[in-house]
Amino acid sequence: MGNLSKEINSKFANAKVKALVNVLYTANWISSFQNEFFKPFGISPQQYNILRILNGTDQALKVQTIKERMIERSPNATRLMDKLIAKQFIERFPCMDDRRVVYVKITKTGKQLLESISEDFNHDLLKNISEEEAKQLSDLLDKMR
């Protein structure tokens, strides 16, 4: 198991400071892991998130709705979607009633990509903690926010 104090060669003023640094350090560790995991698929973790959001519905969604549902609310979500469109993983539709509104839907190719991506990466990240510990961690993170 990891030991933050040893990994970053630092001491902390108290447990709360250490916990906060540990959350930030772990978030970066997860981000790096996900970037490497998705690299062979030619997408980023944020693009995967967009595909998962769209795959979870049978209808096209407003771009704004997708932005609101994203785990990492990125100001460049439109650019991320443009890249997915270029790869033919999603398609864009104008709204007939309001030209300012744009809808997005996952394509068959996008669905096939999702099917080819193993969800084991989620389990690999949490392999060292039990279900009970995962619940406790989730509850503590909810409490923190």
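Residues numbered from 1 in each chain as written. Predicted model: local features only at pLDDT ≥ 70, side-chain atom pairs only at ≥ 80, totals over all residues. Heavy atoms only, no water.

Here the focus is the nonpolar core. In this structure, Ile-43, Ile-50, Leu-51, Leu-54, Ile-66 and Met-81 are the most contacted members of the largest nonpolar core, which totals 22 residues. Put simply, the parts of the chain that give this core at least two residues each are α3 (45–55), α4 (63–69), α5 (77–86), β3 (102–106) and α6 (108–116). It is α3 that provides the largest number of residues to this core, a total of five residues. Beyond its immediate stretch of four places on either side in the chain, Leu-54 contacts Leu-61, Ile-66, Ile-90, Val-104, Lys-105 and Ile-106. (Core = buried A, V, L, I, M, F, W, Y, C linked by side-chain atoms within 4.5 Å. Buried < 20%, exposed > 50% of the residue type's maximum accessible area, 1.4 Å probe, protein only. Helix = DSSP H or I, 4+ residues; strand = E, 2+ residues; numbered from the N terminus. Contact = heavy atoms within 4.5 Å.)

Turning our eyes to something else, we now look at the environment of Ile-66. Within the secondary structure, Ile-66 is located in helix α4. Given the relative accessible area of 0%, Ile-66 is considered buried. Along the backbone, Ile-66 and Leu-137 are 71 residues apart, and their C-alpha atoms lie at a distance of 27 Å. Among all residues touching Ile-66, those that are not within four sequence positions of it are Ile-50, Ile-53, Leu-54, Leu-61, Met-81 and Val-104.

Side chains that differ in sign of charge can pair as their charged atoms come close. A complete count under the given rule lists five salt bridges for this structure. For Glu-36, the salt bridge is made with Lys-39, and the minimal N-O distance between the two is 3.0 Å. In this structure, the salt-bridge partner of Lys-135 is Asp-139, at a minimum N-O distance of 2.8 Å. Of this pair, Lys-135 and Asp-139 both sit in helix α8 (residues 131–144), separated by four residues, roughly a single helical turn. (Salt bridge = Lys/Arg side-chain N within 4 Å of Asp/Glu carboxyl O.)

What follows is about unusual backbone geometry. Located in the positive-phi region is Gln-88, a residue other than glycine, with phi close to 65°. For Gln-88, a relative accessible area of 55% gives the class exposed.

Our next topic: the side chain of Asn-49. Structurally, the position occupied by Asn-49 is in helix α3. In contact with Asn-49, not counting residues within four places along its chain, are Met-70, Ile-71 and Glu-72.

Strand order in the open sheet formed by three strands is β1-β3-β2, and the pairing between neighbours is antiparallel. Taken across any chain shown, the strands that pair with only one partner, and hence form the sheet edges, are β1 (61–62) and β2 (90–94). (Pairing = 2+ DSSP bridges.)

Looking at where Ser-44 falls in the secondary structure, it is placed in the loop between α2 (15–38) and α3. Since its relative accessible area comes to 17%, Ser-44 is described here as buried. Setting aside anything within four residues of it in sequence, one finds Ser-44 in contact with Phe-38 and Leu-80.

Right, let's talk about the packing of aromatic side chains for a bit. Counted under the stated rule, the structure contains four aromatic pairs. Here the aromatic rings of Phe-37 and Phe-38 are separated by 5.2 Å at their centres, their planes lie at 90°, and the arrangement is edge-to-face. Phe-37 gets classed as partly exposed once you look at its relative accessible area, which sits at 22%. Given the relative accessible area of 1%, Phe-38 is considered buried. Taking 4.6 Å as the distance between ring centres and 35° as the angle between the ring planes, the aromatic pair formed by Phe-38 and Tyr-48 counts as tilted. One end of the pair, Phe-38, is in helix α2; the other, Tyr-48, is in helix α3, and ten residues separate them in sequence. (Phe/Tyr/Trp six-rings, centres within 6.5 Å; stacked < 30°, edge-to-face > 60°.)

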